[in-house]
Amino acid sequence: MSILSWFGVSALAQQQRFHKQMPAGNYSGICPLGDHLYAIADDKAETDGFHVVRLDIDSVGQRIVALDYQGYRSSGLPNRDMEGICYRPASQTLFISGEQDNEVYEYNLDGQRTGRRLLMPDSIRLATSNCGLEGLTYDVGRHLFYATTECPLPGETMLRIMAFGDDLALKRQYLYQPDEPISRKYTIRGVSALCALDDGRLLVLERQVRIPRMKIGATAINRIYMVVPADEESLQKTLLSEIKTRFNLTSRQFANYEGLCQVAPALVLLIADSQSRYKGLLRDWFRLQPIRLK
């Protein structure tokens, strides 16, 4: 087994960082805007808004060839723990979920709020601040937003993946069973991202993270599942990919992936939350990951 394989990095799916081009961040979501532009949510940015980057991606070689950081577009309002982000081409607007207020607001491309938001059911107000709204995506072909909390609501064991129409009203809810904890040592876990595919299926990014007191041996396990929203209330999930990264004396590949979007039919882009490159130990990783769609 190669060193790269040991640390959860394949030859065609290596992690990449752009520390000279990108500011340190708490990157929590990513979505394409078209013309090689991507919007990125940052859950600890100074104000409410989003980053914009231009990425030149080699889909065949599965690498980011170049990154051009184009700045932060602020609404001028306070940070609200922004997590998921998606783009609706018809209105040329972005939608961003906040874990602090459990709202999904609409933004112009200059970062200003439009005054519109998804009409969340009252039950979502029960979500705690660390288990609130997280995953968010938009299905262009079916004109549907999908949103979910990171963890089940208090007293429940399954997540609710909610579907909203272009009128921003709730259309229906699906039940999704998150993975059981690997062990009690994995204290950070839940769904961190959703991604709508062109054929109506959804990708669900789950993560479980173990961080020992001394940090050495920290492990992050990210799993990408596929679900098919249909007439059934409960969603059946299929595992497409598992990514395991570690932090130890010989590797700083540890990556807590929180953002996910599709860049090619069988290729997705992930972005990690480094906690602003925590004490110089963590890194703002990007990763192009092949997936096998069945």
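None of the values given here were measured: they were computed from a predicted structure. (Residues numbered from 1 in each chain as written. Predicted model: local features only at pLDDT ≥ 70, side-chain atom pairs only at ≥ 80, totals over all residues. Heavy atoms only, no water.)

Enquirer: I'm lost on the overall build of the protein in this one. Help?
Expert: Within the protein, the regular secondary structure consists of one helix and 21 strands. Relative to all contacts within the protein whose residues are 6 or more apart in sequence, the contacts with residues 24 or more apart total 54%. Carbon and sulfur atoms make up 51% of the accessible area of the protein, which amounts to about 13000 Å² in all. (Helix = DSSP H or I, 4+ residues; strand = E, 2+ residues; numbered from the N terminus. Contact = heavy atoms within 4.5 Å. Areas by Shrake-Rupley, 256 points an atom, 1.4 Å probe, with all protein chains shown as cover.)

Enquirer: Would you mind showing me how to read the pairing of strand S11 (residues 144-149) here?
Expert: A regular strand places its side chains on the two faces of the sheet in alternate fashion. When you tally the buried positions in S11, you get six out of six residues, the bulk of the element. Here S11 shows a buried face lined by Leu144, Tyr146 and Thr148 and a second buried face lined by Phe145, Ala147 and Thr149. As defined by bridge partners, strand S10 (residues 133-139) adjoins S11 across six bridges and the pair is classed as antiparallel. Bridge assignment links Tyr138 to a residue of S11, and that residue is Phe145. Counting the residues between successive antiparallel strands, the hairpin from S10 to S11 contains four residues, one of them, His143, with a positive phi of roughly 55°. Pairing of S11 with strand S12 (residues 159-165) involves four bridges; the strand directions are antiparallel. Its bridge partner lying in S12, Ala147 is registered against Met162. (Buried < 20%, exposed > 50% of the residue type's maximum accessible area, 1.4 Å probe, protein only. Pairing = 2+ DSSP bridges.)

Enquirer: What is the right way to look at empty space enclosed by the protein in this model?
Expert: Under the criterion given, the structure shown has one cavity of 30 Å³ or more. The calculated volume of the largest cavity comes to roughly 60 Å³. For the largest cavity, the lining is made up of 15 residues, of which Gly29, Gly84, Ile85, Leu136 and Ala193 are closest to its centre. When residues of the lining of the largest cavity are traced back to their parent elements, those giving at least two are strand S2 (27-34), strand S6 (82-88), S10, strand S14 (188-196) and strand S19 (257-264). Broken down by class, the residue content of the lining of the largest cavity amounts to six nonpolar, six polar and three charged. (1 Å grid on protein atoms, 1.4 Å probe; cavity = no way out; pocket = protein on both sides within 12 Å on 5 of 7 lines; lining within 4 Å. Points joined across faces, edges and corners; volume = space filled by probe spheres on them. Nonpolar A, V, L, I, M, F, W, Y, C, P; charged D, E, K, R; others polar.)

Enquirer: Help me understand the packing of aromatic side chains in this model?
Expert: Centre-to-centre distance and the angle between the planes together describe a pair of aromatic rings. In this structure the tally under the stated criterion is three aromatic pairs. Aromatic pair Phe18 and Phe286: ring centres 5.9 Å apart, planes at 75°, arrangement edge-to-face. Of the two residues, Phe18 sits in the loop between strand S1 (15-17) and S2 while Phe286 sits in strand S21 (residues 285-290), which places them 268 residues apart along the sequence. Within the aromatic cluster, the residues linked to one another by ring pairs are Phe95, Tyr138 and Phe145. Positioned above the aromatic ring of Tyr105, the side-chain terminus of Arg113 is 4.0 Å from the ring centre. Across from the ring centre of Tyr225, 4.3 Å away, lies the NZ or CZ of Lys237, which sits over that ring. (Phe/Tyr/Trp six-rings, centres within 6.5 Å; stacked < 30°, edge-to-face > 60°. Lys NZ or Arg CZ within 6 Å of the ring centre and 35° of its normal.)

Enquirer: When you look at unusual backbone geometry in this model, what are you seeing that I'm missing?
Expert: Negative phi is the rule for most residues except glycine; trans is the rule for most peptide bonds. In the Ramachandran plot, Asp81 falls in the positive-phi region, its phi being about 60° despite a non-glycine side chain. Looking at the element boundaries, Asp81 is found in the loop between strand S5 (63-78) and S6. Located in the positive-phi region is Lys279, a residue other than glycine, with phi close to 50°. Within the secondary structure, Lys279 is located in the loop between strand S20 (267-272) and S21. With a relative accessible area of 67%, Lys279 lands in the exposed category.

Enquirer: What exactly am I supposed to notice about the sheet that holds strand S8 (residues 103-107) here?
Expert: The strands making up a sheet associate through backbone hydrogen bonding, with each pair oriented either parallel or antiparallel. Read across the sheet, four strands follow the order S6-S7-S8-S9 without closing on themselves; strand pairing throughout is antiparallel. Of all the strands in the sheet, just S6 and strand S9 (113-117) have a single pairing partner and so form its edges. Direction aside, neighbouring strands of the sheet carry axes that sit 30° apart on average. In terms of strand pairing, S6 meets strand S7 (residues 93-98) through five bridges, oriented antiparallel. Across the sheet, residue Ile85 finds its bridge partner in S7, namely Ile96. (Axes fitted to C-alpha atoms, helices over the stretch in contact; angles between N-to-C directions.)

Enquirer: Is there a simple way to think about the pairing of strand S17 (residues 238-248) in this case?
Expert: Pairing geometry for strand S16 (residues 218-227) and S17, over nine bridges, is antiparallel. Across the sheet, Asn222 pairs through a bridge with Ile243, a residue of S17. Of the pairings in the sheet, the one linking S17 to strand S18 (residues 251-252) comprises two bridges and is antiparallel in character. In the strand pairing of S18, Phe247 is matched with Arg252.

Enquirer: Could you clarify how one ought to interpret the sheet that holds S17 in this entry?
Expert: With antiparallel pairing, five strands are arranged side by side in an open sheet as S14-S15-S16-S17-S18. Since the sheet does not close on itself, it has two edges, and those belong to S14 and S18, each with one partner.

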